[in-house]
Amino acid sequence: MSQHQNNLNPDSEAHLNGPLFQNALTTFDEAAKIINCDPNVAARLRKPRRSLTVSIPVRMDDYSVKVFTGYRVQYNSTLGPYKGGIRFHQNVDLPEVVGLAALMTFKNSVLGLPLGGAKGGVCVDPTRLSRTEKQNLTRRYTSEISAFVGPTKDIPAPDVGTDPQTMAWFMDTYSQEQGGYAQPGVVTGKPVEIGGSLGRNHATGLGVIYVCERAMEVNQMQMAGARIAIQGFGNVGSFAAKFAHERGARVVAVSDVTGGIFNGDGLNIPEVIEHVKQNKGVKGFPGSQTMTNEELLEVECDALLPCALEGQIDTHNAERIKAKIIIEGANGPVTNLATKILVANGKFIAPDTIANGGGVIVSYFEWVQDIMSFFWEEADVDAKLKGIILKAFDNVYKFKLEKNIDMRTAAMAASISRLEKAMLLRGLYPR
Ligand code: GLU
């Protein structure tokens, strides 16, 4: 048998063996079975289309050159241009980016967006870079992947460790390389002054709260007075906390890399946000009890919102989760096996592909506004976001009840089903 035959060299598939991707594939296989997915379509959907690895030499402030490693994985483009964020974090590697790119594909499909799925990342701790070093890194990463991105090809956005300023540098570098013509549509999550959308910065957190309210409604609960715990106080967690607080919820615990804070009567979230600005973390917030990130997940509460990183709730702590509902603000925070334990214990999970979809939904609006060069009011953006995210939730919830399955499997089934129809219509090239 030839060395070149499929799957003979295990190293050639090492990038497919990460825990995040394997988890997604387990859910994928369960959902594909429920909808009797065409086996040829399923085989294609189980692998990314393109996985790009680049080296990024960066001039540091001390004039030395450090070479970082970056990735862009384009998972699937059946439904439209590739779309997904860029993560700067010290744990980024190719297997993680493959998993995140797969989740973007299933997210964009279940949300009904005309977009494919991709993800990028650089293995770097951005908190250890100066502003200049971060700019140099962003610009050279952009340049290294620029042949593969563009307003009609692949449109990046912010993720963990990147923000509107990072997107501005990305947009500028790409535009300069395309002859100096402004190309706002190459990236979303930009500052509004250069073609960003009103409402994009708070969109993921707002979407999490829209989904949380609807999940509470179907579970005969209500937001006002509910006890909420939030892991992660970055772009997603801090806005989710703000919107929950404004709706009368008691946000009893929040956490970030500096640890967790707890107050059983509810934290004053505007003051926590101010404290974070001054102190670079939630730690030491006056009138709060200190707890670890691990303890926060197990806190007595009505709703738990994991809004940090993947793999936070797995078989080691799933039994100890007390929240009645879990809303996944992060990508992949609860593993497939933990989902089974939680569901058996009567918990309700709103899966990441819907719950944190607010970010990419408003990214889609930003991209549309850039193409039209016609910009919308913030109230319009928020209302359209609510319409799309709740429609996806309601469709999936209906399917979950019909089939008596959990929300994660139902969301994956709806997602695969849309992709399957589109893939069969487009056919295989060459046939
Ligand atoms: N990084 C976000 C996500 O994981 C947003 C992606 C986008 O807006 O393209 O969904």
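Treat the numbers as computed from the prediction; the structure is a model and nothing was measured.

*Asks:* Looking at this structure, how should I read the overall build of the chain?
*Replies:* A tally of helices and strands in the chain yields 14 helices and 13 strands. Taken against the 2.2 N^0.38 rule, which gives 22 Å for 431 residues, the C-alpha radius of gyration of the chain at 21 Å falls within 12% of a compact globule. Projecting the C-alpha coordinates of the chain onto the three principal axes gives extents of approximately 60 × 55 × 45 Å. Total accessible area on the chain stands at roughly 18,700 Å², and carbon and sulfur atoms take up 51% of it. A distance of 5 Å separates the average location of the 45 positive side-chain charges in the chain from that of its 45 negative side-chain charges.

*Asks:* I would appreciate a short explanation of the environment of V360 in the present structure.
*Replies:* Considering the arrangement of structural elements, one finds V360 in helix 12 (residues 358-372). Residue classification places V360 among the buried residues on the basis of a relative accessible area of 8%. With 86 residues separating them along the chain, V360 and E274 place their C-alpha atoms 27 Å apart. Discounting residues that sit within four places of it in the chain, V360 has contacts with K83, M104, K107, N108, L111 and L113.

*Asks:* Help me out: how do you make sense of helix 6 (residues 203-218) in this one?
*Replies:* Quick reminder: α-helices carry 3.6 residues per turn. Residues three or four places apart thus point the same way. Its 16 residues give helix 6 an end-to-end C-alpha distance of 23 Å, which sits within 8% of 22 Å, the value for a rise of 1.5 Å per residue. Within helix 6, 13 of the 16 residues are buried, leaving the element largely enclosed by the surrounding structure. Residue Q220 follows helix 6 closely and has a positive phi angle near 55 degrees.

*Asks:* Looking at this structure, how should I read the site of the ligand?
*Replies:* The immediate surroundings of the ligand are formed by 14 residues, with K83, K107, P158, D159 and S363 found nearest. Between the ligand and K83 there is a distance of 2.8 Å, counted from an oxygen atom to a side-chain nitrogen or oxygen. Side-chain polar atom of S363 to an oxygen atom of the ligand: 2.6 Å apart, as the coordinates give it. Taking 290 Å² as the accessible area of the ligand by itself, protein coverage stands at 95%. Elements with a contribution of two residues or more to the shell around the ligand: helix 3 (94-110) and helix 12. Tallying contributions element by element places helix 12 first for the shell around the ligand, with 3 residues.

Conventions and cut-offs
Residues numbered from 1 in each chain as written. Predicted model: local features only at pLDDT ≥ 70, side-chain atom pairs only at ≥ 80, totals over all residues. Heavy atoms only, no water. Helix = DSSP H or I, 4+ residues; strand = E, 2+ residues; numbered from the N terminus. Rg over C-alpha atoms; globule rule 2.2 N^0.38 Å. Areas by Shrake-Rupley, 256 points an atom, 1.4 Å probe, with all protein chains shown as cover. Lys, Arg positive; Asp, Glu negative; His and termini not counted. Charge placed at Lys NZ, Arg CZ, Asp CG, Glu CD. Buried < 20%, exposed > 50% of the residue type's maximum accessible area, 1.4 Å probe, protein only. Contact = heavy atoms within 4.5 Å. Expected span 1.5 Å × (residues − 1). Near = heavy atom within 4 Å. Polar contact = N/O pair within 3.5 Å; in protein donor to acceptor, adjacent residues only side chain to side chain.

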